Amino acid sequence: MNAKPGTRPSFSELDFDRSPLLIIWETTRACALACQHCRAEADMRRDPGELNTEEGLRIVDEAAALAKIMVFSGGDALNRDDLEVFVRRAKMRGLHTGAIPAATPRLTRARLESLRDAGLDQLALSLDAPNAELHDSFRGVPGAFARTIAAAAEVRKAGLPLQINTCFGAWNLPCLEEMIKLVQDLGAVFWEIFLLVPMGRGRGLTGLSARRCETLFERVYELNQESASIEGGAFVAKITEAPHYARFALQRRLDQVQRFRVGVQGHRMSSRQAVNAGKGFLFVDHVGNVYPSGFLPIVAGNVRRNSLAEVYRNSPVFRDLRNPLLLKGKCGRCEFASLCGGSRARAYALTGDYLASDPWCAFKPAAS
């Protein structure tokens, strides 16, 4: 989630052992959609145990003392009538804010303008295919594609920067070029590409092979290069749950300046910090449970008992995830372990071990 169109908040000064860059709060699990990949297996009903307004404001205050960005997600965050209260408080506390609503009848021009007036920095819509047949099938509700396209126009008319989120797996990767054109045509400033983590309803979906990940990385890298060459930029494309894209991009930059592939042994390849589960990132669910990521379902605390700082800094699972020396298998031998670290969520989903190698990485470490 970008802070402003075409820009990213600087985080070079953050110590990820002490502070995350980004905190996402799942404000509710209620949602009118039935997406095939839903990590939360959301349904129409609101949980009576959801955090209330007072508790939510306390999370915002704690987040502002730790992080730079806060995103209000769901479910469908628009099921919370107090969403604007949280956005307004977050802005007062100096946080960059984003929201991820579902494309349902709740997403009205009036609600968008209300969020804009509360200070929302960016709004994300999910779009997983370039046509109604594939998108509606994936989202589980007929008409979802048409509503999303219409909502994108309304977001722009309301004066909110538009982000598009797309989950890629084997089912829609052949549509990559069509998706790129659609995201461009919609006027998005930020495209967040999620690589499937097979959890929740997504356990039965087919993901990408390691080789296909590299193909996707190549196109996204080219896309960002093309965008950077346009005055003012077109949009920024970011890949989530694919930290090995950072390794790919660094290799490409090294190739472009005709330098040899870096062969540093151990864990020294860290030209910048890598945001990963529990490392620069923290997730709070609708009842206050704190996780390293929404895709890594290991409860490390609860905001009704623990502060966010306490969980982030001291929880054993968070501390493990920030230590590249604990990584196993190929990831543990990789010279890019600190820069990348592999998707800890995918490793956990596919192996049951959050320190195992990411099966979707094609890179062969020099130490192999």
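Located above this text is the structure these notes cover.
So, a few notes on the structure that sits alongside this text. Note that the coordinates shown come from a computational prediction; the quantities given were computed from them, not determined experimentally.

Reading the values: rules and limits
Residues numbered from 1 in each chain as written. Predicted model: local features only at pLDDT ≥ 70, side-chain atom pairs only at ≥ 80, totals over all residues. Heavy atoms only, no water. Helix = DSSP H or I, 4+ residues; strand = E, 2+ residues; numbered from the N terminus. Buried < 20%, exposed > 50% of the residue type's maximum accessible area, 1.4 Å probe, protein only. Contact = heavy atoms within 4.5 Å. Areas by Shrake-Rupley, 256 points an atom, 1.4 Å probe, with all protein chains shown as cover. Phe/Tyr/Trp six-rings, centres within 6.5 Å; stacked < 30°, edge-to-face > 60°. Lys NZ or Arg CZ within 6 Å of the ring centre and 35° of its normal. Pairing = 2+ DSSP bridges. Salt bridge = Lys/Arg side-chain N within 4 Å of Asp/Glu carboxyl O. Right-handed = clockwise from strand over helix to strand, strands pointing away. Axes fitted to C-alpha atoms, helices over the stretch in contact; angles between N-to-C directions. Parallel < 35°, antiparallel > 145°, perpendicular 65-115°, else oblique. Left-handed = near helix turned anticlockwise from the far one by under 90°. Nonpolar A, V, L, I, M, F, W, Y, C, P; charged D, E, K, R; others polar. Core = buried A, V, L, I, M, F, W, Y, C linked by side-chain atoms within 4.5 Å.

**A short note on the overall build of the protein**
Here comes step 1: Looking only at helices and strands, the protein features twelve helices and ten strands.
Here comes step 2: Counting all 368 residues of the protein, 58% fall into the buried class.
Here comes step 3: Considering only contacts in the protein between residues 6 or more positions apart, those separated by 24 or more positions represent 74%.
Here comes step 4: Approximately 15,000 Å² of the protein is accessible, and the part contributed by carbon and sulfur atoms is 51%.

**Let's talk about the packing of aromatic side chains**
Here comes step 1: A complete count under the given rule lists 13 aromatic pairs for this structure.
Here comes step 2: Relative to Trp171, the ring of Phe138 has its centre 5.0 Å away and its plane inclined at 20°; by these criteria the two rings are stacked. Of this pair, Phe138 sits in helix α4 (residues 132–139) while Trp171 sits in the loop between β5 (162–168) and α6 (176–185); the two residues are 33 residues apart in sequence, bridging distant segments of the chain.
Here comes step 3: Taken together, a centroid distance of 6.2 Å and an interplanar angle of 65° make the contact between Phe168 and Trp191 edge-to-face. Placement of Phe168 in strand β5 and of Trp191 in strand β6 (residues 190–195) is noted, with a sequence separation of 23 residues between them.
Here comes step 4: Residue class for Phe168 comes out buried when judged on its relative accessible area of 0%.
Here comes step 5: Judged by relative accessible area, which is 0%, Trp191 ranks as buried.
Here comes step 6: Three or more aromatic residues link up through ring pairs in this structure, and these residues are Phe217, Tyr221, Tyr245 and Phe248.
Here comes step 7: Sitting over the face of the ring of Tyr312, Arg322 holds its NZ or CZ atom 4.5 Å from the ring centroid.

**Some words on the environment of Pro297**
Here comes step 1: Checked against the element boundaries, Pro297 lands in the loop between β9 (289–291) and β10 (301–302).
Here comes step 2: Sequence-wise, Pro297 and Tyr348 are 51 residues apart; in three dimensions their C-alpha atoms are separated by 9.0 Å.
Here comes step 3: Filtering out sequence-adjacent residues up to four positions away, Pro297 remains in contact with Met199, Tyr291 and Tyr348.

**Some thoughts on the pairing of strand β7 (residues 236–240)**
Here comes step 1: A large share of β7 lies buried, amounting to four of its five residues.
Here comes step 2: Relative to β7, β6 runs parallel, the two being bridged by five bridges. In the strand pairing of β7, Glu192 is matched with Lys238.

**A short note on the environment of Asn52**
Here comes step 1: Looking at the element boundaries, Asn52 is found in the loop between β1 (22–26) and α1 (53–66).
Here comes step 2: Residue Asn52 is classed as partly exposed on the basis of its relative accessible area, which comes to 38%.
Here comes step 3: Residues Asn52 and Asp82, 30 residues apart in the sequence, show an inter-C-alpha distance of 9.2 Å.
Here comes step 4: With residues near it in sequence (within four places) discarded, Asn52 still touches Arg80 and Phe86.

**Things to note about the pattern of salt bridges**
Here comes step 1: As enumerated under the stated definition, the model contains 23 salt bridges in all.
Here comes step 2: The residue Lys91 makes a salt bridge to Asp121 at a minimum N-O spacing of 2.8 Å. Pair noted here: Lys91 is in helix α2 (residues 83–92) and Asp121 is in the loop between α3 (109–118) and β4 (122–126), with a separation of 30 residues, a long-range link.
Here comes step 3: Glu226 is the salt-bridge partner of Arg219, the closest N and O atoms lying 3.6 Å from each other.

**Points about the pairing of β4**
Here comes step 1: The buried fraction of β4 is high, at four of five residues.
Here comes step 2: Bridging between strand β3 (residues 96–99) and β4 involves two bridges; their strand directions are parallel. Opposite Gly98, over in β4, you have Gln122 as the bridge partner.
Here comes step 3: Between the parallel elements β3 and β4, the chain passes through α3 in a crossover that is right-handed.

**Things to note about the packing of α1 against α2**
Here comes step 1: Relative to each other, α1 and α2 sit at 25°, their axes nearing to 9 Å. One finds that α1 runs roughly parallel with respect to α2. In terms of crossing hand, the pair formed by α1 and α2 is right-handed. Along its contact with α1, which presents Thr53, Gly56, Leu57, Val60 and Asp61, the element α2 presents Val85, Phe86, Arg89 and Ala90.
Here comes step 2: The residue inventory of the contact of α1 with α2, partitioned by class, reads five nonpolar, two polar and two charged.

**Remarks on the nonpolar core**
Here comes step 1: Phe72, Leu125, Ile164, Trp191, Leu195, Val284 and Leu308 are the most contacted members of the largest nonpolar core, which has 100 residues in total.
Here comes step 2: The greatest single-element share of this core, amounting to six residues, is contributed by helix α7 (residues 210–228).
Here comes step 3: Apart from the residues within four sequence positions on either side, Leu308 is in contact with Ile23, Ile59, Glu62, Ala63, Leu66, Leu282, Val284, Val290 and Val303.

**Some words on unusual backbone geometry**
With glycine set apart, most residues show a phi of negative sign, and most peptide bonds adopt trans.
Here comes step 1: Here the bond from Gly74 into Gly75 is cis, since omega is 25°, no more than 30 degrees from zero.
Here comes step 2: Note on placement: Gly75 falls in the loop between β2 (69–73) and α2.
Here comes step 3: Here the phi dihedral of Glu241 falls at roughly 60°; this positive angle occurs in a residue that is not glycine.
Here comes step 4: Mapped onto the elements of the fold, Glu241 is located in the loop between β7 and α8 (244–256).

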